[in-house]
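Observations on the model geometry
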Amino acid sequence: MAQIGVEERRARLGRRHRLGAGCHADDPVEAAASMVALHATDPATVHLSIAARVPDSDVAGTERALYDDRSLIRMLGMRRTVFVVPTPFAPVVQAACTDDIAVKQRKLLVKHLNEAGVAEDADACGRWLAAVEESTATALSLRGSATAQELSADEPRLRTRLNMATGKTYAAQPYVTSRVLFQLSAEGRIVRGRPLGTWLSGQHQWSPSADWLPGGLGDRPVAEEARVMLARAWLASFGPGTAADLQWWAGWTGGQTKKALAAVEAVAVDLDGQVGYVLPGDEAPEVPVEPWVAFLPGLDPTPMGWKERDWYLGPHKSKVFDNTGNIGPTIWADGRIIGGWGQPESGEVRYELLEDVGSDTTALVESEAHRWTTWLAGVRVTPRFRSPLEKQLSQG
C-alpha cells in the first residue's frame, strides 16, 4: 500500500484547489469545478471562494456566470446543503444526493400538513401538496421568474400556515410557502435565480430549472451511476481521503459509499496509519508548488471537504469553528490553517496568526490582507456562521 503523508496531502490541496501560486483558475466555472461544488448556504461564500481562486475576478463576473451565462447553478445538494455547481454537473448531484433528500422532505412536509389539519388525513394532505406544487410551478412558468411573495399571490394556498412545536416556547405558525418552494427545488423543478438585493442577500427569485438546463434536471443518470460519478469527482479534488470523509461529505450511507468506491476502483493508500483512497494512477507525488497563502471565507469548500481535519487544522479548531461544526474565515499557508480574518465596521480586513510562520510567510499574509481589503472595497461581510476568532477580529 502506497503511503501519502501530510505534506503530500497539503501539496495536492494547493494545486488541485487552485490556491497555490501559479495554480489559480481562469474563471468562476473552472474554480467551481475544481472543488466539485461551492458552498452557497451563505451567499457571500460563493463570491469569496471564487475570488480566492480567481484573483482578478469580481462580483459582476461571478453573477454573469450564475445569472446571464447560467454556466453555474445554485441547487440543493450534499447533506441537504445549498451549493453552486457547474450547470452540466447538476444532474449528477441531483441523482446522487438530492433525490433521496427530496423523498425524505416530502414525507416530513406531509406529516406537518397533517398535523396542521390541512386535510383529513395524510393521503389527502399528499394530494393537497401535489396540487399546490403543480399550481405553483405553472404560475412560475407563466411569469418566467418570481419571488416567493409573487407566487403566493398567484397561488393563495401557499399562505396556509403550519403548526410547528405546538405547546413549546418556540412554537410558530409559518406559511407553507418556503417549504413548498424548497420541495420543488429539491425535486429539481425550480432553481434559485438572482438575489433580491446585493450579492450578500439570501433571498432569491425562482425560475424553472429548464431555464438553466435544457430539459431541466429531469434528464439525469440513475442514482447508483451518479454516486460513482460524484465519488470520482471528489477523489480527483479531495483525494486522498477516507471512506468516512466521503460518506460525510456526500451525506451517503456507509453502503452507498462502499459501493461507489468499489465502482470507481479506488486505490487504497496509507494515510499515516489510516486507510485512504485515491483514483487509479493517482498515487504518485504531486508536482510541488511555490509557497502560497490564501484567505478563505467561512464555509469555503476546502476546509469542509473532509470529516477528519487534523492534517490541515492542527490545534486551531476552537478558534476557527463555531460550536456546531461550521468553519469561519481562515488563513492558509502551504496547505494548513495558520490563522483567521474578519472585518470591523470600517471594512478593512483584519487578521490574526495562530502560530509563528516566519517573516516570509507573514509578508505574504500582509499582502493578501491588503488585496482582500481592496477587493471588498468597503463592503463588510458578516459570515452567517461566526467563529470565535472572526467575532474577535470584527469588534471595534
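Right above here is the structure, for reference.
Residues numbered from 1 in each chain as written. Predicted model: local features only at pLDDT ≥ 70, side-chain atom pairs only at ≥ 80, totals over all residues. Heavy atoms only, no water.

**Considering the nonpolar core**
Ranked by size, the top nonpolar core spans 91 residues in total, and within it Leu 230, Trp 249, Trp 252, Phe 295, Trp 372 and Leu 376 carry the most contacts. No other element matches helix 5 (residues 90-115), which puts eight residues into this core. Dropping the residues within four chain positions of it, Leu 230 is found in contact with Val 36, Met 78, Phe 89, Val 92, Val 93, Ala 96, Cys 97, Trp 249 and Trp 252. In this structure, Leu 109, Ala 139, Leu 162 and Trp 206 belong to the second largest nonpolar core, which totals 22 residues. (Core = buried A, V, L, I, M, F, W, Y, C linked by side-chain atoms within 4.5 Å. Buried < 20%, exposed > 50% of the residue type's maximum accessible area, 1.4 Å probe, protein only. Helix = DSSP H or I, 4+ residues; strand = E, 2+ residues; numbered from the N terminus. Contact = heavy atoms within 4.5 Å.)

**Some words on unusual backbone geometry**
Geometrically, the link from Gly 239 to Pro 240 is a cis peptide bond, its omega value of 5° lying close to zero. Among the structural elements, Pro 240 can be located in the loop between helix 9 (223-238) and helix 10 (243-250). Located in the positive-phi region is Arg 80, a residue other than glycine, with phi close to 60°. Classification of Arg 80 as partly exposed rests on a relative accessible area of 47%.

**Structural notes on helix 5**
Of all bends in helix 5, the biggest is about 50°, found at Thr 98. Just past helix 5, the residue Gly 117 takes up positive phi, approximately 75°. (Bend = angle between axes of the 7 residues up to and from the residue.)

**Focus on the sheet that holds strand 1 (residues 38-39)**
The three strands are arranged 1-3-2 in an open sheet whose pairing can be described as antiparallel. The open sheet has two edge strands, strand 1 and strand 2 (72-76), and neither has a second partner. The pairing of strand 2 with strand 3 (residues 82-86) spans five bridges and is antiparallel. Within strand 3, the position partnered with Ile 73 by the bridge is Val 85. (Pairing = 2+ DSSP bridges.)

**Concerning the pairing of strand 9 (residues 330-333)**
Regular strands have side chains that alternate between both faces of the sheet. Burial along strand 9 is two-sided: Thr 330 and Trp 332 facing one way and Ile 331 and Ala 333 facing the other are all buried. Across four bridges, strand 8 (residues 293-296) lies against strand 9 in antiparallel orientation. From the neighbouring strand, Leu 296 faces strand 9, where its bridge partner is Thr 330. As paired strands, strand 9 and strand 10 (residues 336-342) are joined by four bridges and run antiparallel to one another. In the sheet register, Trp 332 faces strand 10, and the bridge partner there is Ile 337. Counting the residues between successive antiparallel strands, the hairpin from strand 9 to strand 10 contains two residues, one of them, Asp 334, with a positive phi of roughly 50°.

**Focus on the packing of helix 3 (residues 43-53) against helix 4 (residues 59-68)**
Where helix 3 contacts helix 4, the two axes come as close as 10 Å, and the packing angle between them is 115°. For the element pair helix 3 / helix 4, the angle class is roughly perpendicular. Note on packing geometry: the crossing formed by helix 3 with helix 4 is right-handed. For the pair formed by helix 3 and helix 4, the contact residues are Val 46, His 47 and Ile 50 on the first element and Val 59, Thr 62 and Glu 63 on the second. By residue class, the composition of the contact of helix 3 with helix 4 is three nonpolar, two polar and one charged. (Axes fitted to C-alpha atoms, helices over the stretch in contact; angles between N-to-C directions. Parallel < 35°, antiparallel > 145°, perpendicular 65-115°, else oblique. Left-handed = near helix turned anticlockwise from the far one by under 90°. Nonpolar A, V, L, I, M, F, W, Y, C, P; charged D, E, K, R; others polar.)

**Digging into the pattern of salt bridges**
Close approach of charged atoms allows side chains of opposite charge to pair. For the coordinates displayed, the defined rule picks out 21 salt bridges. Across the salt bridge formed by Arg 53 and Asp 300, the nearest N and O atoms sit 2.9 Å from each other. With Arg 53 in helix 3 and Asp 300 in the loop between strand 8 and helix 12 (310-313), this pair connects stretches of sequence that are 247 residues apart. You can call Arg 53 buried: its relative accessible area is 0%. Across the pair Glu 355 and Arg 336 runs a salt bridge, and its minimum N-O distance is 3.3 Å. Of the two residues, Glu 355 is situated in the loop between strand 11 (350-353) and helix 14 (358-376) and Arg 336 in strand 10; the sequence distance between them amounts to 19 residues. (Salt bridge = Lys/Arg side-chain N within 4 Å of Asp/Glu carboxyl O.)

**Description of a negative patch on the surface**
Taken together, the side chains of Asp 26, Asp 27, Asp 56 and Asp 58 present a region of like negative charge at the surface. The topology assignment puts Asp 26 in the loop between helix 1 (6-16) and helix 2 (28-34). Overall, the relative accessible area of 63% leaves Asp 26 in the exposed class. (Patch = residues over 30% accessible without salt bridge, like charges linked within 9 Å, V, L, I, M, F, W, Y side chains within 5 Å. Areas by Shrake-Rupley, 256 points an atom, 1.4 Å probe, with all protein chains shown as cover. Lys, Arg positive; Asp, Glu negative; His and termini not counted. Charge placed at Lys NZ, Arg CZ, Asp CG, Glu CD.)

**Examining the packing of aromatic side chains**
Applying the stated rule across the entire model yields 13 aromatic pairs. Each ring, one from Trp 234 and one from Phe 238, has its centre 6.1 Å from the other, and the planes form 15°; the classification is stacked. A residue pair is termed a helical-turn pair when its members lie 3 or 4 positions apart in one helix, as Trp 234 and Phe 238 do in helix 9 at four residues. For the pair formed by Trp 234 and Phe 238, the shared burial category is buried. Taking 6.1 Å as the distance between ring centres and 45° as the angle between the ring planes, the aromatic pair formed by Phe 238 and Trp 249 counts as tilted. Linking Phe 238 in helix 9 with Trp 249 in helix 10, this pair joins segments that are eleven residues apart in sequence. You'll find Phe 238 and Trp 249 in the same group, each marked buried. An aromatic cluster is built from Trp 234, Phe 238, Trp 249, Trp 306, Trp 311, Tyr 312 and Trp 332, whose rings are joined through pairwise contacts. The positively charged end of Arg 79 is found above the aromatic ring belonging to Trp 248, 4.2 Å away from the centroid. Here the basic side chain of Arg 371 rests over the ring of Trp 372, its NZ or CZ set 5.0 Å away from the ring centre. (Phe/Tyr/Trp six-rings, centres within 6.5 Å; stacked < 30°, edge-to-face > 60°. Lys NZ or Arg CZ within 6 Å of the ring centre and 35° of its normal.)

**Digging into the environment of Gln 94**
With respect to the helices and strands, the residue Gln 94 is situated in helix 5. We classify Gln 94 as buried; its relative accessible area is 1%. Distance in space between the C-alpha atoms of Gln 94 and Gly 193 is 17 Å, their sequence separation being 99 residues. In this structure Gln 94 touches Met 75, Asp 99, Ala 186, Glu 187, Gly 188, Leu 217 and Arg 220, once residues within four positions along its chain are discounted.

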